[in-house]
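What follows is each chain in one-letter form.
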Amino acid sequence: MFIGREQELSEIREALGNDRFESILIYGRRRVGKTELIFEALDGFDGTKIYFEAAKGMIGDNIEQLNRILQEIFDMPFHFVTMREIFQYVAKISQQQKVVFVLDEFPYLVEAQDGMISALRDLIDQYKRTTNLKIIISGSYVDMMKKLIEANSETFGRFTHILPLQVFDYYESSQFYPEYSNEDKLLMYSVFGGVAFFNSLIDPSISALENMHRLLHRKNSVLQLEIEKVVAEETNKIQNVNTLIHIIGTGATKYSDIRQIVLSKAGSKVSVDYLINRLIDMEIIEKVSPINMKDSPKQTYYRFKDPLFEYYYKYIYPNATKMNVLRPEMFYDKIIKNSLKKEYLPSHFEKVATEFLIRRNKAGLVEPMFYDIGTYFFNDRINKINRQFDVVTKDDNGYTAYECKYTEEKIDLSVVREEEYQIRNCGLPVYRLGFIAKAGFTEDVDRNRYALYSLDDFYDPNIG
């Protein structure tokens with residue numbers, strides 16, 4: 001079952017259905033769902049479909065495989081020896097019939113043969129006015145794919161559609177397990193994140209906890225191996241990137257701390273900034289700066305963007321040897337359970353609250369609509385008051401500060417007033433207060449005075 005990507009799917013299908021030449025660039029991290037999106041878009045295309053997924057290795061092997069694919073489609077032998085020859089043949093065929101030509105994992109071709117980008121440029125330039133060929137270029141090496149659209153690239157300005165695929169947010173991810181309770185939906189997203197492939201492995205016929213045991217809490221489980229494979233591949237390409245992942249996994253978040261530890265482990269010749277930017281490109285970590293101090297390096301920190309990596313490096317990686325002597329249920333009870341409920345899930349509740357507010361804002365359900373959201377750092381040096389607010393929005397009237405409460409009990413008026421007193425007393429320049437509580441609120445809390453949301457509001461169909 002295909003889930004999500006309605007906007008991207010519509011855009012690709014419109015491009016495939018018209019009578020113009022189209023060149024479509026699709027990129028995103030591994031397992032995000034690029035190939036599934038392409039297959040879904042190709043379904044129903046009433047022309048010739050040529051799909052080729054490049055493999056890492058020699059260009060000759062890739063061309064040989066493409067020759068076999070073309071022979072199967074056109075029922076005649078082919079002996080092309082260069083990609084330019086293949087490009088020319090496909091383009092000429094498209095002058096007589098509708099053709100869509102998909103080159104998946106295009107970076108492997110770029111790595112295997114010099115001049116590949118030039119060949120693609122020449123194909124587009126030569127045939128964009130004389131054919132209605134549809135060519136789709138896709139790839140997982142995000143940095144290399146981005147270079148295809150940079151101003152100094154040979155293919156700059158050549159793509160008619162550019163689709164960077166992001167991971168699903170919490171709401172889209174919940175469509176993989178729609179029958180779970182809202183609490184379990186939050187748990188699944190906080191552990192497995194929004195990568196399509198990771199979510200596709202979840203079996204909604206068993207419990208959320210059973211899925212965690214099956215996919216993560218036993219030795220050599222499928223997602224343990226997946227993470228180790230990703231890190232190993234990046235380690236082969238970029239030395240010391242796994243060191244940085246491990247450092248962040250141990251809790252180092254400030255740039256100064258990260259830099260000091262990396263240099264002490266790997267030596268002074270290592271470019272810490274490059275390693276950080278590489279992990280940001282991979283969407284494994286993200287840079288977080290307060291919306292009121294975006295240029296302040298002292299208040300900037302780094303954290304895992306991918307929940308699965310955070311979960312793995314917090315609970316699985318440092319306790320891997322214990323999996324040899326504990327059943328998955330025992331491993332969870334002894335190593336994870338208490339920390340998950342007291343630390344991990346409350347932290348992710350705040351992150352999901354941010355995604356929820358963005359969804360409401362885009363749906364036109366926030367009044368006035370905000371145009372910035374993030375953390376907020378308040379520093380009153382005179383009174384020696386420092387506070388970090390995790391969810392603050394900014395609109396035309398000023399700031400709204402939200403206090404997130406991940407508790408089993410409903411929040412009553414006394415709790416709200418205590419939080420309000422502390423916020424007002426510290427001098428935070430906000431004009432409105434909001435509260436986001438997992439269990440909701442008692443009836444004595446005035447909804448007209450405060451912006452109030454519960455976990456159930458996160459999954460309101462009106463924001464879908």
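For every chain, the first residue of the written sequence is number 1, and numbering continues from 1 along that sequence. Totals for whole chains, interfaces and linings use every residue, but because this is a predicted model, local features are given only for residues with pLDDT of at least 70 and side-chain atom pairs only at 80 or more, for both listing and counting. Calculated side-chain values reflect all of the structure's heavy atoms, with hydrogen atoms and water omitted.

Peer 1: Residues and numbers for unusual backbone geometry, please.
Peer 2: Excluding glycine, residues mostly have negative phi values, and the peptide bonds linking residues are mostly trans. Residues Glu-367 and Pro-368 are joined by a peptide bond in cis, for which omega reads -5°. Comment: elements are numbered from the N terminus, with helices defined as DSSP H or I runs of at least four residues and strands as E runs of at least two. Here Pro-368 shows up in the loop between helix 17 (328-362) and strand 8 (372-380). Unlike most non-glycine residues, Arg-31 shows phi in positive territory, near 70°. Summarising the element assignment, Arg-31 is placed in the loop between strand 1 (22-27) and helix 2 (34-42). On the basis of relative accessibility, which here comes to 31%, the residue Arg-31 falls in the partly exposed class. In this structure, Asp-75 takes a positive phi of about 55° despite not being glycine. Along the polypeptide, Asp-75 turns up in the loop between helix 3 (59-74) and helix 4 (83-93). A 1.4 Å probe rolled over the protein chains alone gives each residue an accessible area, and that area as a share of the maximum for its type sets the label: buried under 20%, exposed over 50%, partly exposed in between.

Peer 1: So, the packing of aromatic side chains: which residues are in play, and what are the values?
Peer 2: To describe a pair of aromatic rings, you give the distance between the ring centres and the angle between the ring planes. Between rings of Phe, Tyr and Trp, where Trp is taken as its six-membered ring, a pair exists when centres lie within 6.5 Å; planes separated by under 30 degrees are stacked, by over 60 edge-to-face, and by other angles tilted. A full pass over the atoms with the stated rule returns 29 aromatic pairs. Taken together, a centroid distance of 5.5 Å and an interplanar angle of 45° make the contact between Phe-80 and Tyr-89 tilted. With respect to burial, Phe-80 and Tyr-89 carry one shared label: buried. Feature note: the residues Tyr-170, Tyr-171, Phe-349, Phe-356, Tyr-402, Tyr-406, Tyr-453, Phe-458 and Tyr-459 constitute an aromatic cluster, connected by ring pairs. Any Lys NZ or Arg CZ found within 6 Å of a ring centre and within 35 degrees of that ring's normal is scored as a charge over the ring. For Arg-31, the ring lying beneath its charged end belongs to Phe-197, and the centroid distance is 3.9 Å. Over the face of the ring belonging to Tyr-459 we find Lys-185, whose NZ or CZ atom lies 5.1 Å from the ring centre.

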